[in-house]
Amino acid sequence: MARLNLTLDSDTFDRLAQYAQGQSRARSAVARELLVEALNRIDRVRRLERLAHDYAQGRDDAESLLADLEAGQLELLNA
């Protein structure tokens, strides 16, 4: 596993520390989990943006792809 040295402003560090303490977990574990969640969310949003672009361009299978998406996935665009 690769390592990352990260500098946080004091407010962010305090929020991370409080969140980690509330879960009785190490700050590093919580920070890693939050980064993974954020990156996964970015990937989902990008995929939905590409789908929306394809739909706007009239891609033949775009309508069926949109029908396959769950409502929760479409709500990510509004988050």
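The structure contained in this document is the topic of the report that follows. Because the structure is predicted, anything quoted here is derived from the model rather than measured.

Conventions we followed
The residue numbering used here restarts from 1 in each chain and proceeds along that chain's sequence as written. pLDDT decides what is reported in this predicted model: residues at 70 or higher carry local features, side-chain atom pairs at 80 or more are listed and counted, and totals for whole chains, interfaces and linings draw on all residues regardless. To get the side-chain values, take all heavy atoms of the structure and skip hydrogens and water. A helix here means a DSSP run of H or I that spans at least four residues, while a strand means a run of E at least two residues long, and both kinds are numbered starting from the N terminus. Think of it in three bands: with a 1.4 Å probe and only protein chains considered, a residue is buried below 20% of the maximum accessible area for its type, exposed above 50%, and partly exposed in between. Residue burial considers only the protein chains on display, and all accessible areas are found by Shrake-Rupley using a 1.4 Å probe. Two joining distances apply to patches: 9 Å for like charges and 5 Å for nonpolar side chains (Val, Leu, Ile, Met, Phe, Trp, Tyr), and every residue must have over 30% relative accessible area and no salt bridge. Salt bridge, as used here: a side-chain nitrogen of Lys or Arg that lies within 4 Å of a carboxyl oxygen of Asp or Glu.

1. A word on the overall build of the protein chain
Counting secondary structure elements, the protein chain contains 4 helices and 0 strands. Evaluated residue by residue, the protein chain yields a buried proportion of 13% over its 79 residues. Summed over its atoms, the accessible surface of the protein chain is roughly 6,700 Å², and 49% of this surface lies on carbon and sulfur atoms.

2. Thoughts on a nonpolar patch on the surface
Residues Leu4, Leu6, Leu8, Phe13 and Leu35 make up a contiguous nonpolar surface patch of about 470 Å² in total accessible area. Note that Phe13 resides in helix α1 (residues 10-22). A relative accessible area of 36% places Phe13 in the partly exposed class.

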